[in-house]
Amino acid sequence: MATRIDGKALAAKVKAQTAEAAKSLRRRPGLAVILVGNDPASRVYVTGKEKDCAECGFLSFEHALPEDTTQETLLDLIQALNRDPQVDGILCQLPLPGHLDEEAVLNAIARDKDVDCFHPYNVGRLMIGNPVFLPCTPAGVMEMLREYGIPVRGKRCVVLGRSNIVGKPMAMLLLQQDGTVTVCHSKTPGLAAITREADILVSAVGRVGLVTPDMVKEGAVVIDVAMNRNSEGRLCGDVDFAAVEPKASYITPVPGGVGPMTRAMLMRNILTAARNHQAEN
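Residues numbered from 1 in each chain as written. Predicted model: local features only at pLDDT ≥ 70, side-chain atom pairs only at ≥ 80, totals over all residues. Heavy atoms only, no water.

Trainee: So what exactly am I meant to see when it comes to the nonpolar core here?
Mentor: Inside soluble globular proteins, nonpolar side chains tend to come together where they are buried. The biggest cluster of nonpolar side chains holds 50 residues, and the ones touching the most others in it are Leu 145 and Ile 223. A per-element tally of this core places helix α10 (residues 258-280) first, with ten residues. (Core = buried A, V, L, I, M, F, W, Y, C linked by side-chain atoms within 4.5 Å. Buried < 20%, exposed > 50% of the residue type's maximum accessible area, 1.4 Å probe, protein only. Helix = DSSP H or I, 4+ residues; strand = E, 2+ residues; numbered from the N terminus.)

Trainee: So what exactly am I meant to see when it comes to the packing of aromatic side chains here?
Mentor: Two measures describe an aromatic ring pair: the distance that separates the ring centres and the angle between the ring planes. This structure, assessed with the given rule, holds one aromatic pair. With centroids separated by 6.2 Å and ring planes inclined at 75 degrees, the aromatic side chains of Tyr 148 and Tyr 250 adopt a geometry described as edge-to-face. With Tyr 148 in the loop between α6 (136-147) and β5 (156-160) and Tyr 250 in strand β11 (residues 250-251), the pair connects residues that are 102 residues apart, well separated along the chain. (Phe/Tyr/Trp six-rings, centres within 6.5 Å; stacked < 30°, edge-to-face > 60°.)

Trainee: Please explain the sheet that holds strand β1 (residues 3-4) as it appears in this structure.
Mentor: Overall, parallel pairing links the six strands, which are arranged β1-β11-β8-β7-β5-β6 in an open sheet. Across the chains shown, the open sheet's two edge strands, defined by having one partner strand only, are β1 and β6 (180-184). In the sheet, β5 pairs with β6 via five bridges, with the strands oriented parallel. Bridging from a neighbouring strand, Leu 160 pairs with Cys 184 of β6. (Pairing = 2+ DSSP bridges.)

Trainee: Please clarify how the pattern of salt bridges should be interpreted in this entry.
Mentor: When charged atoms on two side chains of opposite charge get close, those side chains can pair. Using the criterion set out here, one finds 14 salt bridges in the structure. A salt bridge links Lys 15 to Asp 52, with the nearest nitrogen and oxygen atoms 2.9 Å apart. Of the two residues, Lys 15 sits in helix α1 (residues 7-22) while Asp 52 sits in helix α2 (residues 40-56), which places them 37 residues apart along the sequence. As far as burial versus exposure is concerned, Lys 15 and Asp 52 are alike and both buried. With a shortest N-O distance of 3.1 Å, Glu 197 and Arg 156 are connected by a salt bridge. Here Glu 197 is found in the loop between α8 (191-195) and β7 (200-203), whereas its partner Arg 156 is found in strand β5, with 41 residues between them in sequence. (Salt bridge = Lys/Arg side-chain N within 4 Å of Asp/Glu carboxyl O.)

Trainee: Can you help me understand the sheet that holds strand β4 (residues 89-92) in this one?
Mentor: Hydrogen bonding along the main chain pairs the strands of a sheet, whether they run parallel or antiparallel. Strand order across the open sheet formed by three strands is β3-β2-β4, with parallel pairing between neighbours. Each of the sheet's edge strands pairs with one partner strand only, and the pair in question is β3 (59-65) and β4. Averaged over all pairs of adjacent strands, the angle between their axes in this sheet comes to 15 degrees, without regard to strand direction. By the bridge criterion, seven bridges tie strand β2 (residues 30-36) to β3 in an arrangement that is parallel. What sits directly across from Val 33, in β3, is Glu 62. (Axes fitted to C-alpha atoms, helices over the stretch in contact; angles between N-to-C directions.)

Trainee: Would you explain the packing of α6 against α10 in this entry?
Mentor: Working note: a packed helix pair is described by the angle between its axes plus the distance between those axes. Two numbers describe how α6 lies on α10: the axes approach to 8 Å, and their chain directions differ by 105 degrees. Judged on the interaxial angle alone, α10 and α6 are roughly perpendicular. Facing Cys 136, Thr 137, Ala 139, Gly 140, Val 141, Glu 143 and Met 144 of α6, the residues of α10 in contact are Val 258, Met 261, Thr 262, Met 265, Leu 266, Arg 268 and Asn 269. (Parallel < 35°, antiparallel > 145°, perpendicular 65-115°, else oblique. Contact = heavy atoms within 4.5 Å.)

Trainee: Help me understand α6 in this model?
Mentor: Residues spaced three or four apart along an α-helix face the same direction, because each turn holds 3.6 residues. If you check α6, its first and last C-alpha atoms are 16 Å apart, about what twelve residues at 1.5 Å a residue would give, namely 16 Å. α6 sits mainly inside the fold: ten of its twelve residues count as buried. Where α6 is buried, its residues touch α1, α7 (167-176), β7, β8 (221-224) and α10. At the exit of α6 stands Gly 149, carrying a positive phi of roughly 65 degrees. (Expected span 1.5 Å × (residues − 1).)

Trainee: Please explain the environment of Met 170 as it appears in this structure.
Mentor: If you trace the backbone, Met 170 turns up in helix α7. Residues Met 170 and Val 158 lie twelve residues apart in sequence; the distance between their C-alpha atoms is 10.0 Å. Not counting chain neighbours up to four residues away, the residues in contact with Met 170 comprise Pro 138, Val 141, Met 142, Val 159 and Val 202.

Trainee: Would you mind showing me how to read the pairing of β8 here?
Mentor: The two faces of the sheet receive side chains in turn, since in a regular strand these alternate between them. Side chains of β8 alternate between two faces, with Val 221 and Ile 223 and Val 222 and Asp 224 buried alike. Note: β7 against β8, four bridges, orientation parallel. Across the sheet, the residue bridging to Val 202 is Ile 223, located in β8. One ladder, built from two bridges, connects β8 with β11; its direction is parallel.

What follows is the structure, given as structure tokens:
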């Protein structure tokens, strides 16, 4: 039976370390969160991030805007936050309403306050192995592997999903730790044959029951990044957890696995931004 990787406990540890480190700064780190519209899931995420800030002793500044906010108004707000010395990180909650240009909005955030690591500058730094910030979800996965003593060097790693937020940066971080990485996606033929070669299998697709036991090698490490709801309305990932758990060596549950670590790594990025800003001034 696999060892369950406890993301909730590790996230609490990371946040406690972050809070302790922040005490040495001249001022409290600050996160500005922009929420456009009334999406219930986005509201839950924003509230969670504000709670994390409070736990770490950070300031949080929420900017809730109506659904019909114009592109100009949103960009003006971002520019004001870019100039605000109390704000170390800016987070614009996605998805945005359809009339807004998401790429233009994310690119408008100052690169030194881009704590989600979405700006092309920070993505480029990640690609060459010299990052300022680490993308939160992939960084959370790497922290879990380190905490549980799971080596990456020389291992066959398969990433399911090629998104800019998880799949692509996940592959880069594994590669930088000397893993041999294959990225699969919806157009990949013979998927099960590829995943069965994985020593470390990371799924970030968003499809309930995608990863079944026949796709998993005996003793593999299975990391489930997805957050879905099954036919009964319960939170679940991509992995058929009950069926795969007996075959894996380590496995992340959903909920309680990667999700809490994503938020914890955001706090670490805010700390990094605050340190950089205070070193400059």
